[in-house]
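This is what each chain is made of:
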Amino acid sequence: MKLLLATNNAHKAQEIRAILKDSFTEIVTMRDAGIEFEVEEDGLTFRENALKKAVETLAFAGDRFDAVLADDSGLCVDALDGAPGVYSARFSGEAHNDAANNAKLTKLLENVPDEQRTARFCCCIALARRRLDPIVVQGEVEGTILREARGENGFGYDPYFYYAPFQKSFAELSAEEKNAVSHRKRALMLLSEALHV
Ligand code: ITT
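This section reports on the structure supplied with the text. (Residues numbered from 1 in each chain as written. Predicted model: local features only at pLDDT ≥ 70, side-chain atom pairs only at ≥ 80, totals over all residues. Heavy atoms only, no water.)

1. Some thoughts on the overall build of the protein chain
Scanning the protein chain from terminus to terminus reveals 6 helices and 7 strands. Relative to the compact-globule value of 16 Å for 197 residues, the protein chain shows a C-alpha radius of gyration of 17 Å, a close match. Across the 197 residues that make up the protein chain, the buried fraction comes to 46%. Look at the contacts in the protein chain between residues 6 or more apart in sequence, and 58% of them connect residues 24 or more apart. Across the protein chain, the 24 positively charged side chains and the 32 negatively charged ones have centroids separated by 3 Å. (Helix = DSSP H or I, 4+ residues; strand = E, 2+ residues; numbered from the N terminus. Rg over C-alpha atoms; globule rule 2.2 N^0.38 Å. Buried < 20%, exposed > 50% of the residue type's maximum accessible area, 1.4 Å probe, protein only. Contact = heavy atoms within 4.5 Å. Lys, Arg positive; Asp, Glu negative; His and termini not counted. Charge placed at Lys NZ, Arg CZ, Asp CG, Glu CD.)

Take a look at the structure:
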């Protein structure tokens, strides 16, 4: 079983390989496979985006692969009715500007009291398969949004995401600590379980 990952993010690929290595004979990224294909993430939910990306990439890749894995993730803040959600990367307008996204987030939450600053990171993973139904799973991790940045590790909203069980922000965790509890890890574990039933 050959799996194509619909991402070029090396960090994600490493994490996925570690968890799914026993379920596939080969796991390659788009770059490894020499495939250039972009899917517009225009869905209203993580599920819609992940599934669209996986299904369209499998159709494009042809029969070189048995399955394609795609994910979509983001931060959902209760006081903002679930925003930034699927718009997490483009929250401030400019795609992937973490500083601007965090500045907008903290500004919007300026007057929100501590007990109402609850949030979660969500990760939806879709596995499109040849001749089989797709599998879709979602992992989440609960936290609260800090007023000041803490820590230097990670990316995106990590410096403002406080994880109570460790009494640290996600950016204060090592990669190993974060990967053990992250939304992505939880989704991957659910996928691994679904593949082994
Ligand atoms: P792809 O090329 O794989 O799509 P991406 O950076 O767009 O990479 P996602 O769609 O998974 O990645 O994530 C969307 C945004 O959600 C991302 O840019 C961050 O702002 C935020 N995010 C997701 N997971 C995060 C995490 O673990 N820590 C901090 N921010 C995260």
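Read on for the rest.
2. Considerations on the site of the ligand
Not every one of the 18 residues close to the ligand is listed here, only the nearest: Lys 12, Ser 73, His 96, Asp 158 and Lys 178. Between the ligand and Tyr 157, the relevant distance is 3.2 Å, taken from a nitrogen atom to a main-chain nitrogen or oxygen of the residue. In isolation the ligand offers 600 Å² of accessible surface; the protein chains occlude 88% of this area. When residues of the shell around the ligand are traced back to their parent elements, those giving at least two are strand S3 (67–77) and helix H6 (183–195). Per-element accounting of the shell around the ligand gives the leading share, 3 residues, to S3. Looking at the shell around the ligand residue by residue, the class counts come to 4 nonpolar, 7 polar and 7 charged. (Near = heavy atom within 4 Å. Polar contact = N/O pair within 3.5 Å; in protein donor to acceptor, adjacent residues only side chain to side chain. Areas by Shrake-Rupley, 256 points an atom, 1.4 Å probe, with all protein chains shown as cover. Nonpolar A, V, L, I, M, F, W, Y, C, P; charged D, E, K, R; others polar.)

Note that every value here comes from positions in space, so none of it alone points to a role or purpose.
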